[in-house]
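Here's the letter readout for the chains.
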Amino acid sequence: MLGLGAVSKAFFHALAGSQFLKRLASRYGMRSGDSFARRFIAGETVEEAIAAARALQQRGLSVTLDYLGESVRTIAEADTATRAYIRVFGQLAGAGIDHNISLKLTQLGLTVDRATCVDNLRRILDEADARQFFVRIDMEDSPFTAVTLDVFETIWQQGYRNAGIVLQSYLPRSESDAARMNALGARVRLVKGAYQEPRGVAYQNKTEVDAAFVRIMQVLLMGGNYPAIATHDPAMIEAARIFAREKGISPDRYEFQMLYGIRRDLQAALTRDGFRVRVYVPFGREWFPYFMRRLGERPANVGFVIRSVLREG
Ligand SMILES: Cc1cc2nc3c(=O)[nH]c(=O)nc-3n(C[C@H](O)[C@H](O)[C@H](O)COP(=O)(O)OP(=O)(O)OC[C@H]3O[C@@H](n4cnc5c(N)ncnc54)[C@H](O)[C@@H]3O)c2cc1C
């Protein structure tokens, strides 16, 4: 039987497709400084993202910025998104914040035409290289797993080294993918996985997802290239700390990553203990699907949204 977590995830993923809800949320979610979406999204403009990133860096955290957007439907939209990313590099480059961004391949046209998507990615990586940015390719839902890894390996073979990839522990295939990425020397971010996936494709219960997370984390810490352990789960973080200590892996050979607005207490505590913590800072007008995934992970967040809306009246 599906657990409550899976049911609520499915519910929020279904709602994420609602244009009505999207219009409603877009109107109210970012309206003022304390509107509900601001808990998870730094803002709609690059200036707001830069301000949020600076504030985090002043507290000893690193950042990766995500200019939100996914699933464009035409080559023209993919081109617009690519140009926008290239423009964002220019705006971020002089801002005194980390040169590190995250993006999604469906934003660059993966569902429209793979070759165009690869071309767009190359345009972005060339610009990133010139400005010394690192580009993390986020992992999307399972129809895109193989093709995302394929595109990543293609650009890797073409000599691009300023890019990294993400693996999801809810996918059984990720253990062998991790070994393959280690063999390449590619930088991997390990996450549990944010999408609603069918049985047969992904583990459905937390115990299995967590156990796989620990196994892959160990593989990456032992043989990987500066892995990122991306989770808010204290048990996963503790397992990584213990394993690294036992194996004599110093805290400068890996980093923890967390999402903007989530477990800020834990972000601060790890930094105080001398660990590297990078915060994923999403910004832009297309924040609705990202926001709905955050609600689906923790339905208690809905209470927070309702309280904020009532407060604003
Ligand atoms: C930096 C970063 C990048 C990511 N990139 C990707 C990606 O490319 N592809 C992908 O599929 N997924 C990505 N994710 C999301 C990830 O897959 C999980 O969905 C998400 O991190 C929640 O899982 P968890 O590891 O925190 O553990 P969980 O077991 O889900 O949560 C552990 C604890 O964390 C806290 N918590 C978790 N989520 C929330 C929330 N939304 N609101 C409030 N508290 C919460 C709660 O206290 C919870 O008890 C990313 C996550 C991070 C941190």
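Look a little higher up for the structure.
First things first, this report covers the structure right here in the doc. Treat the numbers as computed from the prediction; the structure is a model and nothing was measured. (Residues numbered from 1 in each chain as written. Predicted model: local features only at pLDDT ≥ 70, side-chain atom pairs only at ≥ 80, totals over all residues. Heavy atoms only, no water.)

1. What to know about the sheet that holds strand S6 (residues 228-230)
Sheet strands associate in pairs through backbone hydrogen bonding, adopting either a parallel or an antiparallel arrangement.
Next up, step 1: Strand order in the closed barrel made by the eight strands is S1-S2-S3-S4-S5-S6-S7-S8, with parallel pairing throughout. Averaged over neighbouring strand pairs, the angle between their axes works out to 30 degrees when direction is ignored.
Next up, step 2: As paired elements, strand S5 (residues 187-191) and S6 share two bridges and run parallel to each other. Bridging across to S6, Arg189 finds its partner in Ala228.
Next up, step 3: In this fold helix H5 (residues 114-130) packs onto strand S2 (100-103), strand S3 (134-137) and strand S4 (163-168), with an angle of close to 150 degrees to the strand it touches most, S3. (Pairing = 2+ DSSP bridges. Helix = DSSP H or I, 4+ residues; strand = E, 2+ residues; numbered from the N terminus. Axes fitted to C-alpha atoms, helices over the stretch in contact; angles between N-to-C directions. Contact = heavy atoms within 4.5 Å.)

2. Details of the site of the ligand
Next up, step 1: Near the ligand there are 25 residues, and of these Lys192, Gly193, Thr231, His232 and Glu297 occur at the shortest range.
Next up, step 2: Interatomic distance of 3.0 Å between a backbone N/O atom of Ala194 and an oxygen atom of the ligand.
Next up, step 3: Within the contact set of the ligand, a nitrogen atom lies 3.0 Å away from a backbone nitrogen or oxygen of Arg294.
Next up, step 4: Expressed as a share of its isolated accessible area of 930 Å², the protein-covered part of the ligand is 87%.
Next up, step 5: Applying the majority rule of atoms within 2 Å of the grid points places the ligand in the largest pocket.
Next up, step 6: Within the residue set of the shell around the ligand, elements represented by two or more residues are S4, S5, strand S7 (255-259) and helix H11 (288-297).
Next up, step 7: Ranked by residue count, the leading element in the shell around the ligand is S7, at three residues.
Next up, step 8: For the shell around the ligand, the residue count by class is 10 nonpolar, six polar and nine charged. (Near = heavy atom within 4 Å. Polar contact = N/O pair within 3.5 Å; in protein donor to acceptor, adjacent residues only side chain to side chain. Areas by Shrake-Rupley, 256 points an atom, 1.4 Å probe, with all protein chains shown as cover. 1 Å grid on protein atoms, 1.4 Å probe; cavity = no way out; pocket = protein on both sides within 12 Å on 5 of 7 lines; lining within 4 Å. Sits in = over half its atoms within 2 Å of the grid points. Nonpolar A, V, L, I, M, F, W, Y, C, P; charged D, E, K, R; others polar.)

3. Side note on the pairing of S3
Next up, step 1: Side chains Phe134 and Arg136 of S3 all project onto a buried face; the interleaved residues Val135 and Ile137 project onto the opposite face, where all are buried too.
Next up, step 2: For S2 and S3, the ladder comprises four bridges, and the chain directions are parallel. Of the residues in S3, the one forming a bridge with Ile101 is Val135.
Next up, step 3: Sheet topology note: the S3/S4 ladder contains two bridges and is parallel. If you follow Arg136 over to S4, its bridge partner there is Gly164.
Next up, step 4: Between the parallel elements S3 and S4, the chain passes through helix H6 (residues 145-157) in a crossover that is right-handed. (Buried < 20%, exposed > 50% of the residue type's maximum accessible area, 1.4 Å probe, protein only. Right-handed = clockwise from strand over helix to strand, strands pointing away.)

4. What about the environment of Phe256?
Next up, step 1: For Phe256, the location among the structural elements is in strand S7.
Next up, step 2: Overall, the relative accessible area of 0% leaves Phe256 in the buried class.
Next up, step 3: Expressed as a C-alpha distance, the spacing of Phe256 and Gln267, which sit 11 residues apart in the sequence, is 8.7 Å.
Next up, step 4: With residues up to four places along the chain from it excluded, the contact list for Phe256 reads Ile229, Ile237, Ala240, Arg241, Leu270, Phe275, Arg276, Val277 and Arg278.

Keep in mind that these numbers describe shape and distance, not what the molecule does.
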